[in-house]
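Next come the chains, spelled out residue by residue.
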Amino acid sequence: MGDAEFLHQTVLLHETIDLLQVHSGGIYVDGTMGGGGHTRALLEASAPDGLVIAVDQDQVAMDHAKGWGEPWMERLRLVKGNFRDLSAHLEQLGILKVDGIVCDLGVSSPQLDRGERGFSYQHEAHLDMRMDEFGDITAMDLVNHSDATELTKIFRDYGEEKWAARVAERITLERKKKPIETTTELVEIIKAAIPAAARRTGPHPARRIFQALRIAVNDELGALEKLLADLPDCLKQSGRIAVISFHSLEDRIVKKAFQLEATDCICPPHLPKCVCGHVARLKVVTRKPILPSEDEVVANPRARSAKLRVAERL
Ligand SMILES: C[S@@+](CC[C@H](N)C(=O)[O-])C[C@H]1O[C@@H](n2cnc3c(N)ncnc32)[C@H](O)[C@@H]1O
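The structure displayed is predicted, hence computed values, not measured ones.

Criteria and thresholds
The residue count restarts for each chain, going from 1 along the sequence in the order it is written. For this predicted model, a pLDDT threshold of at least 70 governs which residues receive local features, and a threshold of 80 or more governs which side-chain atom pairs are given and counted, while totals over whole chains, interfaces and linings are taken from all residues. Each helix is a run of DSSP H or I of at least 4 residues and each strand a run of E of at least 2, with the numbering of both proceeding from the N terminus. It is over C-alpha atoms that the radius of gyration is taken, and the globule rule equals 2.2 Å times the number of residues to the power 0.38. Counting other C-beta atoms within 10 Å of each residue's C-beta, where C-beta atoms are placed from the backbone, gives the exposure class: buried for 20 or more, exposed for 12 or fewer, partly exposed between. By the convention adopted here, residues make contact when the C-beta atoms placed from their backbones lie within 7 Å. Pairing between two strands is assigned when DSSP locates at least 2 bridges connecting them. Note on geometry: axes are lines fitted to C-alpha atoms, helical ones only across the stretch in contact, with angles between N-to-C directions running from 0 to 180 degrees. Whether a residue is near a molecule or strand depends on its C-beta atom, generated from backbone atoms, being within 6 Å of that molecule or strand. Throughout this entry, Asp, Glu, Lys and Arg are counted as charged residues, while Ala, Val, Leu, Ile, Met, Phe, Trp, Tyr, Cys and Pro are counted as nonpolar. The remaining residues, Gly among them, count as polar. The term nonpolar core means buried Ala, Val, Leu, Ile, Met, Phe, Trp, Tyr and Cys residues held together as one set by C-beta atoms within 7 Å. As used throughout, domain bounds are those supplied by an automatic or database domain assignment.

Caption draft 1: Focus on the overall build of the protein chain. Along the protein chain, the regular secondary structure elements total 14 helices and 7 strands. The globule rule puts the C-alpha radius of gyration for 314 residues at 20 Å, and the 21 Å found for the protein chain is close to it. Taken along the three principal axes of its C-alpha coordinates, the protein chain extends 60 × 60 × 40 Å. Per-residue burial over the protein chain gives 45% buried out of 314 residues. Within the protein chain, counting contacts between residues at least 6 apart in sequence, those at least 24 apart form 68% of the total.

Caption draft 2: Structural context of the sheet that holds strand β4 (residues 98-104). Taken in spatial order, the 7 strands line up as β3-β2-β1-β4-β5-β7-β6 in an open sheet, and their pairing is mixed. The open sheet has two edge strands with one neighbour each: β3 (76-80) and β6 (282-284). Recorded for the sheet is a direction-independent mean angle of 20° between the axes of neighbouring strands. Summarising the sheet, β6 and strand β7 (residues 307-313) pair through 3 bridges and their orientation is antiparallel. Bridge assignment links L282 to a residue of β7, and that residue is R313.

Caption draft 3: Main features of the site of the ligand. Taken together, 22 residues lie around the ligand, and T10, T32, G34, G35 and G37 are the ones closest in. Listing elements by their share of the shell around the ligand, those giving two or more residues are α2 (37-45) and β2 (51-56). Here the shell around the ligand is built from residues that sort into 6 nonpolar, 12 polar and 4 charged.

Caption draft 4: Up close: the pairing of strand β5 (residues 235-245). With respect to burial, β5 is a largely interior element, 8 of its 11 residues being buried. Sheet analysis places β4 next to β5, joined by 6 bridges and oriented parallel. Counted as the bridge partner of D104 is I244 from β5. Two elements, β5 and β7, share 6 bridges in a ladder whose sense is antiparallel. The residue of β7 that forms the bridge with I244 is L308.

Caption draft 5: Up close: the nonpolar core. Of all hydrophobic cores here, the largest spans 52 residues; its most connected members are V52, A54, V98, L227, I241 and A242. Take this core: its biggest share by element is 6 residues, from helix α12 (residues 220-234). Here A54 is in contact with D30, M33, G36, T39, A65, L76, L78 and V79, once residues within four sequence places are set aside. Ranked by size, the runner-up nonpolar core spans 29 residues in total, among them A139, L151, L186 and F210.

Caption draft 6: Expanded view of the domain arrangement of the protein chain. One can read the domain layout of the protein chain as domain 1 (3-110 + 220-313) and domain 2 (133-217). Taken together, the contacts link 5 residues of domain 1 with 4 residues of domain 2. By residue class, the composition of the side of domain 1 that touches domain 2 is 3 nonpolar, 1 polar and 1 charged.

Caption draft 7: Focus on unusual backbone geometry. Following A47, the chain continues into P48 via a peptide bond in cis, with omega recorded as 5°. Counting through the fold element by element, P48 comes out in the loop between α2 and β2. At Q21, a residue that is not glycine, the phi angle is positive and equals roughly 50°. With respect to the helices, strands and loops of the structure, Q21 is situated in the loop between α1 (13-20) and β1 (27-30). For Q21, a count of 16 C-beta atoms within 10 Å gives the class partly exposed. The phi angle at M129 is positive, at roughly 70°, despite the residue not being glycine. With respect to the element layout, M129 can be found in the loop between α5 (109-113) and α6 (139-145). The class of M129 is buried, set by 26 C-beta atoms lying within 10 Å.

This is the structure we're talking about:
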C-alpha cells in the first residue's frame, strides 16, 4: 500500500518529540505506529544511531511500514502486537529499558476510511471493528450477545450516550428477529431508538455508539491501564513517556496513573505513619495537558480533542 492510500495526519508531532527529549543513540518505542508519523520523527531525532521499536496491532499498518520503513530498517524494529504487552515485546528483542515511549491512542484515519473494517457508520460493512484481525471479539459479537444491561453500560461509559438504555433495548428487540450483522443495520436501529428531536442536533446519532463499541471491542482502556502499570519498569532513569489521548476517559486514566506513580506515600490520610511503602517512580512533566495549536486544528480537525501528557522516570 502506498502513502497515498494510507493518509493519517500525525497529531502534536513536534510537541511530542520535543518533550520526549529524543537524542542520538537512544532507544525509543512508538506503541501506536499507524502511518508512522511519530516513528519517522523518532528515527530522525535519534539519528544517526538511535533504535526505534514501532508497535501496532493492525496488520495493514504493519504492511504499510514495510514500504516506508525500508530505508530505516537498520534502526527500526517492527512489532505486530499490542502495546499492553510492551515488556514482553522488549524482552523478545533483548532490550531491558528504553529512553522514551510515545502512544497516540485510538484509531488511524485509514482504519476509519477503509469501510470494510466496520469502524465507520458512514460505510456499509460487517460489524467488525477489530484493530487486530485476530482479536477474540467483534462488534457483531457484542451487539448480538451482550445483554441490555451490558450494552447500556458500554454505550454510557465509553460513548457518554444519553440514550444508551433506549439503544440497548432496541438492539435486543431487533436481534430477536434476525442477527444484526452490518454497520447500516445498526445505524438504522440507533436512529429508530433515539427520539427524532434529539437526532436533529449535534453529531451523527450513531457516532457515540460506534465509538463505544470500538473501545469495548479492542479493550482500549484495559490496554492503556496495563501499559501504564508496566511503564516504570520499562523506562530508563530520565526516560520519558508521552501519551496523546482523544477521549476524556483515556485522559483521566493517564492523569491518574501519572499522579499515582509520582506520589511517595499513598496511605489513607488518617494513618499517623506510612504503611504502604509506596515510592514515586515518575515525575509529571506536563502539569496540564498540551493541546494542539489553533493552526493545527484548522489544518487537521481530528486534532481538536487531542491532549498530550508526559511523565519522566525518576
Ligand atoms: C492514532 S493512530 C496512530 C497514528 C500515528 N501516530 C501516525 O502518526 O501515523 C493509532 C494506531 O495505534 C494502533 N493501536 C491502537 N491501540 C493499540 C494497542 N493497544 N496496541 C497496539 N496498537 C494499537 C491502531 O491500530 C492505530 O494504527
